[in-house]
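Structural description and commentary
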Number of protein chains: 2
Amino acid sequence: MNEPNTAVSLAHRLSQFSELWTQKTIARLNDYEVKLAKLKGEFVWHKHEDTDELFLVISGRLTIQLRDGDVVLEPGELFVVPRGAEHCPVADEETAVLLLEPEGVLNTGDAGGPRTKPAETLD
Amino acid sequence: MNEPNTAVSLAHRLSQFSELWTQKTIARLNDYEVKLAKLKGEFVWHKHEDTDELFLVISGRLTIQLRDGDVVLEPGELFVVPRGAEHCPVADEETAVLLLEPEGVLNTGDAGGPRTKPAETLD
């Protein structure tokens, strides 16, 4: 993690895993984690009471459903889900995203349940 | 800033300015700023004592000179400059980068001088 003087290639890192809905930590910035994930299908509605959450789409197409409407993200587009806002990501095709939030934030937020998975460090 | 339910397109935001070495804030994540900048030529050596700094290259090619070697970033590659590490970005061609760090961090860090410029919000 954050190896000295080494660039982190998003494409290379994405080639290193195939599981869906598993956040892979690729870098740290202070107490924040930069993570990658591959998404396909619909996740679960949840919220993060204590933090905003940034999504940047790298490939594919992501819809972030919010209670008051959807945000559709194409590659090269980002959106910050405000703290406390219920949201549910859905992707018709496999979609690669970069996520940014404080370390330790769980993927399912307040919802919990079987799809809860801590972020994993990508070696 | 962080308009409700609106995607932020990096390409569109980059088309809205042309000045070099001016950080443009395009989103906020908690007390962090997501910024864009266009770089060409060499900046000044400086460090940020209190924070790491993330660079993600969108187009062009950026060399981050560090006292113990260079990191070269192509599009889709990122690097986190550790807090306290002296660095000096240089780009032979015009290069677009996404920057991420806590709000209020100045571009020239501890060095100050004529190239110091606070980040500007891109409307």
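Residues numbered from 1 in each chain as written. Chains lettered and ligands numbered in written order. Predicted model: local features only at pLDDT ≥ 70, side-chain atom pairs only at ≥ 80, totals over all residues. Heavy atoms only, no water.

Let us look at the pattern of salt bridges. The full count for this structure, using the stated rule, is 20 salt bridges over all chains. Among the ionic pairs, B:Glu49 bridges to B:Lys47, the shortest N-O distance being 3.8 Å. When the shortest N-O distance is used, the salt bridge between B:Arg67 and B:Glu86 registers 3.0 Å. Here B:Glu86 lies in the loop between strand 7 (77–81) and strand 8 (87–102) and B:Arg67 lies in the loop between strand 5 (62–66) and strand 6 (69–73), a separation of 19 residues in the sequence. Residue class for B:Arg67 comes out exposed when judged on its relative accessible area of 56%. It is possible to trace a salt-bridge network through shared partners that takes in A:Glu19, A:Lys24 and A:Glu120. (Salt bridge = Lys/Arg side-chain N within 4 Å of Asp/Glu carboxyl O. Helix = DSSP H or I, 4+ residues; strand = E, 2+ residues; numbered from the N terminus. Buried < 20%, exposed > 50% of the residue type's maximum accessible area, 1.4 Å probe, protein only.)

In screw terms, the move from chain A to chain B is a rotation of 180° and a rise of 0.0 Å along the axis, fitting with an RMSD of 0.0 Å. The transformation just described matches what one would write down for a two-fold rotation axis. Taken together, the interface assignments show that 100% of the residues at the interface of chain A recur at the interface of chain B, consistent with an identical surface on both copies. (Least-squares fit on C-alpha atoms with pLDDT ≥ 70 in both. Contact = heavy atoms within 4.5 Å.)

Let us now look at the UniProt feature "domain: Cupin type-2" (unreviewed entry) in chain A. According to UniProt, the feature "domain: Cupin type-2" (unreviewed entry) maps to residues 41–100 of chain A in the numbering used here. Across residues 41–100 of chain A, the secondary structure splits into 0% helix and 63% strand, with the terminal C-alpha atoms separated by 21 Å. (UniProt positions renumbered as here; feature names shortened; annotations may be inferred.)

In this section: the nonpolar core. Within the largest apolar cluster, 36 residues are counted, with the highest numbers of intra-cluster contacts made by A:Leu78 and B:Leu78. Once residues within four sequence positions are removed from consideration, A:Leu78 is found in contact with A:Phe55, A:Leu56, A:Leu73, B:Thr6, B:Ala7, B:Val8, B:Leu10, B:Ile26, B:Ala27, B:Val34 and B:Leu98. Core analysis: the next-biggest nonpolar cluster, separate from the first, contains 17 residues, B:Ile64, B:Leu66, B:Val71 and B:Phe79 among them. (Core = buried A, V, L, I, M, F, W, Y, C linked by side-chain atoms within 4.5 Å.)

We now examine the pairing of strand 8 of chain B. Residue and element names in this part refer to chain B. In terms of burial, strand 8 is largely enclosed, as 13 of its 16 residues are buried. With 10 bridges joining them, strand 3 (residues 32–42) and strand 8 adopt antiparallel strand pairing. Bridge pairing links Glu-33 to Glu-101 in strand 8. Looking at chain direction, strand 4 (residues 53–59) and strand 8 are connected through five bridges and run antiparallel. Residue Val-57 lies in a different strand from strand 8, and its bridge partner there is Val-97. (Pairing = 2+ DSSP bridges.)

All names here are of chain A. Taken across its five residues, strand 5 (residues 62–66) has five buried, putting it largely inside the fold. As defined by bridge partners, strand 5 adjoins strand 6 (residues 69–73) across five bridges and the pair is classed as antiparallel. Bridge pairing links Ile-64 to Val-71 in strand 6. Hairpin connection of strand 5 to strand 6: two residues between the antiparallel strands. Sheet topology note: the strand 5/strand 8 (residues 87–102) ladder contains four bridges and is antiparallel.

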